[in-house]
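Listed below are the residues making up each chain.
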Amino acid sequence: MGNAPRIGIFDSGIGGLSVATAIRQALPMGRLLYFGDNAHVPYGERTENEILAFSKAITTALLAKGCDAIVIACNTASSAALSALREQYPTLPIVGMEPAVKPAVEHTRTGVVGVLATRATVDGRVLADVVERFAQDVKVIRQACPGLAQRIDAGDFDGPTTEAMLRAWISPMLEQGIDALVLGCTHYPLVRPLIERITGPTVRVIEPSEAIARRLKHLLEEHGLIQGSEDLKDPLQDQGGNMEDSGLMDFYTSGDPASFRKILDRLGSKNAAVEQGTWELDGSLRLP
Ligand code: DGL
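Residues numbered from 1 in each chain as written. Predicted model: local features only at pLDDT ≥ 70, side-chain atom pairs only at ≥ 80, totals over all residues. Heavy atoms only, no water.

Undergrad: Hey, could you run me through the overall build of the protein in this one?
TA: On a plain count of helices and strands, the protein comes out with eleven helices and twelve strands. For the protein, the C-alpha radius of gyration of 18 Å lies close to 19 Å, the compact-globule estimate for 288 residues. Seen along its three principal axes, the alpha-carbon backbone of the protein occupies a region of about 55 × 40 × 40 Å. Considering the protein as a whole, with its 288 residues, one finds that 56% of them fall into the buried category. Here the analysis covers contacts within the protein between residues at least 6 apart in sequence; of these, 75% occur between residues at least 24 apart. Here the protein has roughly 12500 Å² of accessible surface; of this, 48% comes from carbon and sulfur atoms. (Helix = DSSP H or I, 4+ residues; strand = E, 2+ residues; numbered from the N terminus. Rg over C-alpha atoms; globule rule 2.2 N^0.38 Å. Buried < 20%, exposed > 50% of the residue type's maximum accessible area, 1.4 Å probe, protein only. Contact = heavy atoms within 4.5 Å. Areas by Shrake-Rupley, 256 points an atom, 1.4 Å probe, with all protein chains shown as cover.)

Undergrad: Got a minute to help me understand the environment of L92 in this structure?
TA: Inspection of the secondary structure puts L92 in the loop between α3 (75-88) and β4 (94-96). Exposure remark for L92: the relative accessible area of 15% places this residue in the buried category. Along the sequence, L92 and A273 sit 181 residues apart, while their C-alpha atoms lie 28 Å from each other. The contact partners of L92, leaving out residues within four places of it in the chain, are L63, D68, A69, I70 and H223.

Undergrad: Got a minute to help me understand the packing of aromatic side chains in this structure?
TA: Ring pairs (aromatic) are described by centroid distance and by the angle formed between their planes. According to the stated counting rule, one finds six aromatic pairs in the structure shown. For the ring pair Y34 and F251, a centre distance of 6.3 Å and an interplane angle of 55° mean the geometry is tilted. Separated by 217 residues along the polypeptide, Y34 in strand β2 (residues 31-36) and F251 in strand β9 (residues 249-253) bring together distant segments of the chain. The class for Y34 is buried, based on a relative accessible area of 0%. For the ring pair F35 and W279, a centre distance of 6.5 Å and an interplane angle of 70° mean the geometry is edge-to-face. Of the two residues, F35 sits in strand β2 while W279 sits in strand β11 (residues 278-279), which places them 244 residues apart along the sequence. As far as burial versus exposure is concerned, F35 and W279 are alike and both buried. Grouped by ring-pair contacts, the aromatic residues F35, Y43, F54 and W279 constitute a single cluster. (Phe/Tyr/Trp six-rings, centres within 6.5 Å; stacked < 30°, edge-to-face > 60°.)

Undergrad: Would you mind showing me how to read the site of the ligand here?
TA: Taken together, 14 residues lie around the ligand, and S12, Y43, T76, T186 and H187 are the ones closest in. A distance of 2.8 Å separates an oxygen atom of the ligand from a polar atom in the backbone of N75. Within the backbone of T186, an N or O atom sits 2.8 Å from an oxygen atom of the ligand. For the ligand, whose free accessible area comes to 300 Å², the fraction covered by protein is 99%. (Near = heavy atom within 4 Å. Polar contact = N/O pair within 3.5 Å; in protein donor to acceptor, adjacent residues only side chain to side chain.)

Undergrad: Quick question: what am I supposed to make of the packing of helix α1 (residues 17-26) against helix α10 (residues 209-222) here?
TA: Pairs of packed helices are described in terms of their axes, by the angle between the two and the distance that separates them. Remark: α1 packs on α10, axes separated minimally by 8 Å, with the N-to-C direction vectors making an angle of 50°. By the angle between their axes, α1 is oblique relative to α10. Viewed along their axes, α1 and α10 form a crossing whose handedness is right-handed. Facing S18, V19, A22, I23 and A26 of α1, the residues of α10 in contact are S209, E210, I212, A213, L216 and K217. Tallied by class, the residues present in the contact of α1 with α10 amount to seven nonpolar, two polar and two charged. (Axes fitted to C-alpha atoms, helices over the stretch in contact; angles between N-to-C directions. Parallel < 35°, antiparallel > 145°, perpendicular 65-115°, else oblique. Left-handed = near helix turned anticlockwise from the far one by under 90°. Nonpolar A, V, L, I, M, F, W, Y, C, P; charged D, E, K, R; others polar.)

Undergrad: Explanation requested: the sheet that holds strand β6 (residues 139-144) in the structure shown.
TA: Picture the strands of a sheet paired through backbone hydrogen bonds; they go either parallel or antiparallel. As summarised here, the arrangement of the four strands in space is β6-β5-β7-β8, forming an open sheet in which the pairing is parallel. The sheet is open, and its two edges are formed by β6 and β8 (204-206), each paired on a single side. Within the sheet, the average angular offset between the axes of one strand and its neighbour, ignoring direction, is 20°. Bridging between strand β5 (residues 112-117) and strand β7 (residues 180-183) involves four bridges; their strand directions are parallel. When the sheet's bridge partners are listed, G114 is paired in β7 with L181. Sitting on the sheet, helix α8 (residues 160-175) touches β5, β6 and β7, and the angle it makes with β5 is about 160°. Of the strands in this sheet, β5, β7 and β8 are in contact with helix α9 (residues 192-199), which crosses β8 at around 150°. (Pairing = 2+ DSSP bridges.)

Undergrad: I tried to follow the pairing of strand β3 (residues 69-72) on my own but got confused; where do I start?
TA: For a regular strand, side-chain orientation follows a simple rule: the groups alternate between the two sheet faces. Neither face of β3 is open: one carries A69 and V71, the other I70 and I72, and all of them are buried. Pairing of strand β1 (residues 6-11) with β3, which is carried by four bridges, proceeds in the parallel orientation. Across the sheet, the residue bridging to I7 is A69, located in β3. This β-α-β element, β3 to α3 to β4, shows right-handed connectivity. (Right-handed = clockwise from strand over helix to strand, strands pointing away.)

Here's what the structure looks like:
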């Protein structure tokens, strides 16, 4: 198809791949450009100003590559930069993440839900705002997970240290009776099997990737960038849910392309090309 929209997606590292996978399924023929800022991971332990500056520079670079829409596939960056970017680009479709507290509240029977997120997200306005809006009558246990995104970014999806960290954070929540657990960082769905092993079957683990993909599709329709859902259906698409057939995805990282490629291999996107993005001294980002 001639005019597939170009979607720029970014995260501090590999976490946004969980969102990119959902977008890939919702818009199989869309052209996705993914930037992982692995040189700066973890965002969750940086200042809001730093994260804002990175997010602005990344958006500028993705727009220079011809993107028609931007997805901030990172809760931490969304919290720091979404409103500023919307102000800067009032006509550009921009989608950001927010912790999926609403579906957790709808699900809970015990009246106790948990949220795992980065320190910046736990302390930030966006989480406070969704709790205020949707969880008035529910107890929300917010747990910052320092170091977890970094471990996942390094490819440790199920090693003993990652498991011990998660157990130490999740066990007290289980003792307090949670029956829903929100993954408030896009890195965490990559360790979902491990998290579910710890929570057991009585806790529903919730993350918003699919809702974000639907929201993006809706925005693209509103902006006339796609005609309707049927336009972007690929009849040959497999239902596997990975990023196989990465021809329609371009990957960039500010970290090591070979390590990024290894992670993509593990996630089912074999032989994907990954190019080097370079941070310049003036704070701008150069994508090849
Ligand atoms: N993936 C990111 C998020 O959703 C942040 C991880 C980090 O860099 O700290 O919050």
